[in-house]
Amino acid sequence: GRWMILEPYQGRADELSVGRVLSVALATSAEKQPLTDAAQFGLDSPKMVVKADDKVFTFGMFNPVGGQQFVVHENQVYTLDSKYGESATVQPLEFMDKRPLAKDEVITGFDFGALEQWENTNLNVDKTDDGKWKVSAASKYKPNPNQAEMNDWFVNWTELRADSVEPFIPSRQPQPYTLVKL
């Protein structure tokens, strides 16, 4: 039930970005004419092709008079607002979902054991079946977490949104990390 990017990166796609691209299928145009000369509209070497199921939209050059873009669909040439073509010409990384969690993913716990300050205690924070947060650690100190503060802190994870994303390039040296349990 969600859009995924398969190439050149893999991950969840941003639903709004995908929606902008697919909105071309709902676009209307005041002008329509049969495609007789692809070169006349810059469609012999298209700027972009959008395929949605069995529908194909081929984007050509911009109309020098009105600034709209020529788009061919089912052998008909339409002039469409440039926003339809522009929405699909962003870099592939910009199509990645900037949220660390999908809407339907629910955090059930965290394993902080790989962080330097907690590696000797194997600190885990988990949500129990009755919705309370429980801290487990291999030490004498057994904290009793404030449930309201824990809920506030963990709810923020569902609302996080990154400004940008980058491909992950693993290094040869081990890095500290936190495991998010879903």
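Refer to the structure printed above.
Quick look at the structure, then.

## Side note on the overall build of the protein chain
Move 1: Within the protein chain, the secondary structure is distributed over three helices and 11 strands.
Move 2: Of the regular secondary structure in the protein chain, the N- to C-terminal order runs β-β-α-β-β-β-β-β-α-β-β-β-α-β.
Move 3: Expected size for 182 residues packed as a compact globule is a radius of gyration near 16 Å; at 25 Å, the protein chain overshoots this value by more than 25%.
Move 4: For the protein chain, the proportion of its 182 residues judged to be buried stands at 32%.

## So, the nonpolar core
Move 1: Core analysis: the biggest nonpolar cluster contains 17 residues, and V24, V50, F57, F59 and L80 have the highest contact counts within it.
Move 2: Going through the elements one at a time, α1 (15-22), β4 (48-52), β5 (55-62) and β7 (76-80) are the ones with two or more residues in this core.
Move 3: In this structure L80 touches V24, A27, T28, S29, Q68, Q69 and V71, once residues within four positions along its chain are discounted.
Move 4: Core analysis: the next-biggest nonpolar cluster, separate from the first, contains 12 residues, F110, L115, W133 and A137 among them.

## Overview of the packing of aromatic side chains
Move 1: In total, this model carries two aromatic pairs according to the counting rule given.
Move 2: An angle of 10° between the planes, with centres 5.6 Å apart, marks the rings of F110 and F112 as stacked. Comparing F110 with F112 shows no difference in burial state: the two are buried.

## Remarks on the sheet that holds strand β3 (residues 32-34)
Move 1: Spatially, five strands are ordered β3-β7-β6-β5-β4 in an open sheet, and the strand pairing comes out antiparallel. A single partner strand is all that each edge strand has here, and the edge strands are β3 and β4. The mean angle between the axes of side-by-side strands here comes to 25°, regardless of whether they run parallel or antiparallel.
Move 2: In terms of strand pairing, β3 meets β7 through three bridges, oriented antiparallel. When the sheet's bridge partners are listed, Q33 is paired in β7 with V77.

## Quick word on the sheet that holds strand β9 (residues 124-127)
Move 1: Taken together, the four strands give an open sheet; going across it, the order is β10-β9-β8-β11, and neighbouring strands pair in antiparallel fashion. This sheet does not close on itself; its edge strands, each paired only once, are β10 (133-136) and β11 (179-181). Taken pair by pair, the neighbouring strands of this sheet meet at an average axis angle of 20°, ignoring direction.
Move 2: Packing of helix α3 (residues 147-159) onto the sheet brings it into contact with β8 (109-111), β9, β10 and β11, and relative to β10 it is tilted by some 95°.

## Section: the environment of E86
Move 1: If you trace the backbone, E86 turns up in helix α2 (residues 83-86).
Move 2: Under the relative-accessibility criterion, E86 is labelled partly exposed at 48%.
Move 3: E86 sits 66 residues away from R20 along the chain, and the two C-alpha atoms are 9.4 Å apart.

## Examining unusual backbone geometry
Move 1: Here E7 and P8 are connected by a cis peptide whose omega angle stands at 0°.
Move 2: Positionally, P8 belongs in the loop between β1 (4-5) and β2 (11-12).
Move 3: The backbone phi angle of D53 is positive, close to 55°, even though this residue is not glycine.
Move 4: Within the secondary structure, D53 sits in the loop between β4 and β5.
Move 5: Residue classification places D53 among the exposed residues on the basis of a relative accessible area of 82%.
Move 6: Within the chain, N122 stands out as a residue other than glycine whose phi angle is a positive 55°.
Move 7: By secondary structure assignment, the location of N122 is in the loop between β8 and β9.

Criteria and thresholds
- Residues numbered from 1 in each chain as written.
- Predicted model: local features only at pLDDT ≥ 70, side-chain atom pairs only at ≥ 80, totals over all residues.
- Heavy atoms only, no water.
- Helix = DSSP H or I, 4+ residues; strand = E, 2+ residues; numbered from the N terminus.
- Rg over C-alpha atoms; globule rule 2.2 N^0.38 Å.
- Buried < 20%, exposed > 50% of the residue type's maximum accessible area, 1.4 Å probe, protein only.
- Core = buried A, V, L, I, M, F, W, Y, C linked by side-chain atoms within 4.5 Å.
- Contact = heavy atoms within 4.5 Å.
- Phe/Tyr/Trp six-rings, centres within 6.5 Å; stacked < 30°, edge-to-face > 60°.
- Pairing = 2+ DSSP bridges.
- Axes fitted to C-alpha atoms, helices over the stretch in contact; angles between N-to-C directions.

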